[in-house]
Structures are given as C-alpha cells and as structure tokens.
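If you want the building blocks of each chain, they are given just below.
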Amino acid sequence: MGAAARHCSGSATPSAAPRPPVRTCVGCRRRDEQTALLRVVAVRDGTTPGWTLVPDERRRAPGRGAYVHRDPECLRTAIARRAFGRALRLPAGSGTDPADVQELVGQQA
Ligand SMILES: [Zn+2]
C-alpha cells in the first residue's frame, strides 16, 4: 500500500470525462463505482431490539450508508466481519439483521 499513486497504467480514458463517485465494498474491500454497489442503511423500527439492514436502492435514505456489491459472497463476508456495524457506526453488540439485504442479493444465488 503506497502513498497516493495516481498513475493509471490501464486503459487511457480522457480526463475530461467526469468520474463517478467511488465507494468501497464492505465485503471484498474493493473500490467500485457507487452505481455498481448496493447502498445499505440500518433502521430501527422499535419492535425488535437490534437494527435491520435494508437495501437503499435509490441511495436517498438519510444517515450513514454502507456499500456492498450485489454479490452473495461479498454480503456474506461483510456479515462475517460485522463490517456493516462498523461502517454504519452502530453501537457494538447491536444485533444487525441483514434479512432484507440477503433476500435481495441472494436472488441470483
Ligand atoms: Zn464486494
């Protein structure tokens, strides 16, 4: 991991093109365009003690969001690492229920 190495020795894209925002997947930790990732937010409805992770398809929900690829593998890794809790700054020990996200991501599995 060097310091900000900026040269891209891949395909030469004209620098005039606006670069889309890039986010880091909490599963595989790879960076990707925001549009390629699924935004996930944590909500608390009061009926359950923990937080529920819900997909934010339109990326418009208020608060912090975590980004993950729409890939069951990335989701699984993120859950195993409790990466959502960290990315969303949830209090330690607060149970997160990713059922809704799993349902969405797991469609292709
Ligand atoms: Zn990923």
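Residues numbered from 1 in each chain as written. Predicted model: local features only at pLDDT ≥ 70, side-chain atom pairs only at ≥ 80, totals over all residues.

An unreviewed UniProt entry lists the chain under the name YlxR family protein, with Ornithinimicrobium avium given as the organism.

Draft legend 1. Fine view of the sheet that holds strand β3 (residues 37-43). Taken in spatial order, the four strands make up an open sheet running β5-β3-β4-β6, and their pairing is mixed. Two strands lie at the open edges of the sheet, namely β5 (66-69) and β6 (96-97), each paired on one side alone. Two strands pair when backbone bridges link them, and β3 and strand β4 (residues 51-55) are joined in this way by four bridges, in the antiparallel orientation. Bridging from a neighbouring strand, Val43 pairs with Thr52 of β4. (Pairing = 2+ DSSP bridges. Helix = DSSP H or I, 4+ residues; strand = E, 2+ residues; numbered from the N terminus.)

Draft legend 2. The arrangement of helix α1 (residues 72-80) in detail. When α1 is considered as a whole, its buried residues turn out to be Cys74, Leu75 and Ala78. Buried residues of α1 fall within an arc of 100° about the axis and therefore sit on the same side. Residues of α1 that are exposed and point more than 90 degrees away from the buried face comprise Glu73 and Ala80. Immediately beyond the C-terminal end of α1, within one or two residues, lies Arg82, with a positive phi of roughly 55°. (Buried ≥ 20, exposed ≤ 12 C-beta atoms within 10 Å, placed from the backbone. Arc of directions from axis to C-beta.)

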